[in-house]
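Listed here are the chains, written in short residue letters.
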Amino acid sequence: MRAHELTVGRTFGVTFDHGEDFFEALSTFCRDNGVRQGYIPSFIGAFAEAEIVGACEKLADPDAPVWAKTYVTNVEAFGAGTLAHDPATGEILPHIHVSAGLKAQSADGRTSHLLSAKVQFLSELLIVEVTSPTMTRPRNPDLYDVPLLTFG
């Protein structure tokens, strides 16, 4: 286990508009507001289309991370995540998970890691800035090269 007390800074209420790319809008928000790291305690919204981690075939190694993606359309989404930064590029490295209900299929649900999404109507987010410690996401070569959140 790794843990570190977080010093929080500003808290933002943010909305993304119809047709926006979720991750591009998130990056633009962070850049425009000087947010390098933080967390999203929750967000709600709808996606016209999204890609989330998932596979339909039998997994060769059930213990390994799944890198395949599944495509969904017209979903209502509830999610949360963390924002780290890449010290080499200065870009944010979001890690977002969602539960998404397929509106046209009796709100049948999917829950997984969000890879991409196009906003439908709106997305409403709460974003809390973390001022310290430094939050990064280096890849762990001993654990399938998965990027893991680190502090300090």
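Our structure's up above, just so we're on the same page.
Bear in mind that the values here come from a model prediction, so they are computed numbers and not experimental data. (Residues numbered from 1 in each chain as written. Predicted model: local features only at pLDDT ≥ 70, side-chain atom pairs only at ≥ 80, totals over all residues. Heavy atoms only, no water.)

S.K.: In this structure, what is going on with the overall build of the chain? I would like to understand it.
M.R.: Within the chain one finds one helix and nine strands. Each helix and strand of the chain, placed in order from N terminus to C terminus, yields the pattern β-α-β-β-β-β-β-β-β-β. For the chain, the C-alpha radius of gyration of 16 Å lies close to 15 Å, the compact-globule estimate for 152 residues. Taken across its 152 residues, the chain has 35% of its residues classed as buried. Taking the contacts inside the chain whose residues are at least 6 apart along the sequence as the reference set, 68% of them involve residues at least 24 apart. Total accessible area computed for the chain in this model is approximately 8800 Å², and 53% of it derives from carbon and sulfur atoms. Counting 11 positive and 19 negative side-chain charges, the chain places the averaged centre of each group 1 Å from the other. (Helix = DSSP H or I, 4+ residues; strand = E, 2+ residues; numbered from the N terminus. Rg over C-alpha atoms; globule rule 2.2 N^0.38 Å. Buried < 20%, exposed > 50% of the residue type's maximum accessible area, 1.4 Å probe, protein only. Contact = heavy atoms within 4.5 Å. Areas by Shrake-Rupley, 256 points an atom, 1.4 Å probe, with all protein chains shown as cover. Lys, Arg positive; Asp, Glu negative; His and termini not counted. Charge placed at Lys NZ, Arg CZ, Asp CG, Glu CD.)

S.K.: So what exactly am I meant to see when it comes to the layout of surface pockets here?
M.R.: Any empty space left between the atoms is revealed when a probe the size of a water molecule rolls over them. In this structure, the largest pocket spans a volume of roughly 630 Å³. In this structure, the largest pocket is lined by 20 residues; those nearest its centre are Trp67, His95, His113, Val146 and Pro147. Taken together, the elements giving at least two residues each to the lining of the largest pocket come down to β4 (92–102), β5 (108–132) and β8 (146–147). Ranked by residue count, the leading element in the lining of the largest pocket is β4, at five residues. Among the residues making up the lining of the largest pocket, the classes are represented as twelve nonpolar, six polar and two charged. (1 Å grid on protein atoms, 1.4 Å probe; cavity = no way out; pocket = protein on both sides within 12 Å on 5 of 7 lines; lining within 4 Å. Points joined across faces, edges and corners; volume = space filled by probe spheres on them. Nonpolar A, V, L, I, M, F, W, Y, C, P; charged D, E, K, R; others polar.)

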